[in-house]
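# Observations on the three-dimensional arrangement
What follows is each chain in one-letter form.
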Amino acid sequence: MSTVPTTGPASLAPEAATPPDAGASGARGLGKRSAKGGSGGLFVAPFMIFFGLFLLVPLGYGLWMSFTDASLTGHGDGSFAGLGNYAEALTDSEVWKSLGNTAVFTVLSSVPLVVLALAMALLVHANLPGQWLWRFAFFAPYVLPVAVVWQVWSMMFQPDLGLVNNFLNAIGLDSIGWLVDEKWAMYAVVLVTVWWTAGFNFLLYLAALQAVPDHLYEAAALDGAGAWRRLWSITLPQLTRTTGLIAVLQILASLKVFDQIYLLTRGGPNGSTRPILEYIYDTGFTGYRLGYASAISYVFFAILVILSLAQFKLFSRKEA
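It should be emphasised that the depicted structure is a prediction, and the values quoted were computed from it without experimental measurement.

### Thoughts on the nonpolar core
Core analysis: the biggest nonpolar cluster contains 35 residues, and Phe 105, Phe 157, Trp 178, Phe 202 and Tyr 205 have the highest contact counts within it. Secondary-structure elements contributing two or more residues to this core are helix H4 (93-125), helix H6 (146-156), helix H7 (163-170), helix H8 (185-210) and helix H12 (259-264). For this core, the leading source of residues is H8, giving 13 residues. Phe 105 has contacts with Met 186, Val 189, Val 190, Thr 193, Ser 254, Val 257, Gln 260 and Ile 261, leaving out every residue within four places of it along the chain. Residues Ile 276, Tyr 279, Ile 280 and Ala 293 belong to the second largest nonpolar core, which totals twelve residues.

### Some details on the pattern of salt bridges
If you walk through the whole model with that rule in mind, you get three salt bridges. Its salt-bridge partner being Glu 88, residue Arg 289 comes within 3.0 Å of it at the nearest N-O pair. Taken together, the residues span a long stretch of sequence, with Arg 289 in the loop between helix H13 (276-286) and helix H14 (290-319) and Glu 88 in helix H3 (residues 84-91) at a distance of 201 residues. Across the pair Asp 282 and Arg 274 runs a salt bridge whose closest N-O atoms are separated by 3.4 Å.

### Notes on unusual backbone geometry
Trans peptide bonds make up the majority, and among non-glycine residues the majority have a negative phi. With omega at -5°, the peptide bond leading from Gly 268 into Pro 269 counts as cis. You can see Pro 269 is positioned in the loop between H12 and H13. The backbone of Arg 266 shows a phi angle near 55°, a positive value even though the residue is not glycine. Tracing the chain through its elements places Arg 266 in the loop between H12 and H13. A relative accessible area of 51% means that Arg 266 is categorised as exposed. The phi torsion at Tyr 288 lies on the positive side, around 65°, for a residue other than glycine. On the secondary structure map, Tyr 288 appears in the loop between H13 and H14.

### Focus on the packing of H4 against H8
Contact pair H4 / H8: the axes reach a minimum separation of 6 Å and the direction vectors enclose 40°. Put simply, H4 runs oblique to H8. For the pair H4 and H8, the crossing hand works out as right-handed. Per-class residue counts for the contact of H4 with H8 are 23 nonpolar, seven polar and no charged.

### Comments concerning the confidence of the model for the protein chain
When pLDDT is averaged along the protein chain, the result is 85; 86% of the residues meet or exceed 70. Mean pLDDT values over the elements of the protein chain span from 43, in helix H1 (residues 9-17), up to 95, in H8. When the criterion is pLDDT under 50, residues 1-18 qualifies, and its contacts beyond four places in sequence or with other chains add up to two contacts.

### Overview of the packing of aromatic side chains
Remark: the centre distance and the inter-plane angle together describe each pair of aromatic rings, the angle taken between the planes. The final tally for this structure, using the stated rule, is 19 aromatic pairs. With 6.4 Å between their ring centres and 25° between their planes, Phe 67 and Phe 80 make a pair best called stacked. In this pair, Phe 67 sits in the loop between helix H2 (22-65) and H3 while Phe 80 sits in the loop between H2 and H3, placing the two residues 13 residues apart along the sequence. Geometrically, the ring pair formed by Trp 134 and Phe 138 is tilted, given 5.7 Å between the ring centres and 45° between the ring planes. Here Phe 138 and Trp 134 lie together in helix H5 (residues 131-139), a separation of four residues that amounts to about one turn.

### Re the side chain of Ser 110
Inspection of the secondary structure assignment puts Ser 110 in helix H4. Take Ser 110: its relative accessible area is 9%, and that puts it in the buried class. Those residues in contact with Ser 110 that lie beyond four places of it in its chain are Gln 250, Ile 251 and Ser 254.

Reading guide: rules and limits
Residues numbered from 1 in each chain as written. Predicted model: local features only at pLDDT ≥ 70, side-chain atom pairs only at ≥ 80, totals over all residues. Heavy atoms only, no water. Core = buried A, V, L, I, M, F, W, Y, C linked by side-chain atoms within 4.5 Å. Buried < 20%, exposed > 50% of the residue type's maximum accessible area, 1.4 Å probe, protein only. Helix = DSSP H or I, 4+ residues; strand = E, 2+ residues; numbered from the N terminus. Contact = heavy atoms within 4.5 Å. Salt bridge = Lys/Arg side-chain N within 4 Å of Asp/Glu carboxyl O. Axes fitted to C-alpha atoms, helices over the stretch in contact; angles between N-to-C directions. Parallel < 35°, antiparallel > 145°, perpendicular 65-115°, else oblique. Left-handed = near helix turned anticlockwise from the far one by under 90°. Nonpolar A, V, L, I, M, F, W, Y, C, P; charged D, E, K, R; others polar. pLDDT = per-residue confidence, 0-100. Phe/Tyr/Trp six-rings, centres within 6.5 Å; stacked < 30°, edge-to-face > 60°.

Printed below as a string of C-alpha cells:
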C-alpha cells in the first residue's frame, strides 16, 4: 500500500506563500516607516516657524505698507494710497540717481573682484614658497568687520596724513580728496570693497582649481603644451561653472551694497556715491516715510528678480 509523501514541494508551497506573521510584520514595518516619516515634520517645524515669523510675515507686511502712507512718526493715519507710492518712485529723480550709482559701483567692483580673485588663486595654486602666508594674506581681510575696514581706510584716505596720498606724493603726484571729491569718491569705495571682499571669491576659485584632474595637465605636458596653453585650454574651461557662480553672487552682492558706503562717505559728496539701499534707509528712517520707502524697496526687489532670472538664463544657455 503506497503512502502520499507529506514533505514534497506541493505541501510546502502554501506555507511558503503565506507565512504565519507576514501580515502582522508588514503592518509593523509600515507603521515604523510612517512614524519615522512623520517625525521629520517635528524637525522642520522650528525652522518653518522662524522662517514665517522673520521672513514671510515681514515681507507681507512690507508689501501692504508700500500701498499706504505710513509714517515712522505715527502722525500719518496709514491710509490706503493705492499705487501712488509706486508712481512716485518711478518718477523720483533721486531713485534713478541712486540706482545709477548702484549700477556704476556694480560694474566697477564686480569685474576686478572676479579677475583679481582668479589671479590670486592661480598664484597660490602654483606651489610658490610660503603658501600659508599667501592664503592668510588673501583671505584675512574678508573676516574683518566693516567697522574695522572703515576705520583703517578712512585713516589711509586722509588728505594730508593718509598713507595713500603720502605714497602719491612720494612718486611725484598730487594729493587726492578720495572721500570728499565727487570725481574720486566712488573709486575709493570700490578700492576698499575689492580689498575687503576678494578673499571669498579667491577661496572659491582655489577650491575649484584643486578639483581639476591632474591627468589633464599630464597629458597636455606630454603633448608639449606650455604653461599658457594649459591655462587657456585646461584651467579656464574647467573653471567655467565656478566663474558663473562667482559672477552671479558678486553682482547680487554689489547691487545690495550699503555698509561700507554709508560709513565711508554717507552717500556723498552730493549724493555721488549713495546707493539705492541708502536712499531707502534715508527715506524711511530720516524722512520718516515708511510707506514710500517700502514701495522703493519692492521696486528694487523686482529689479533684482529680473536680473537674477536673466543671469540664470544666460549661464544656462552658455553651459548648454
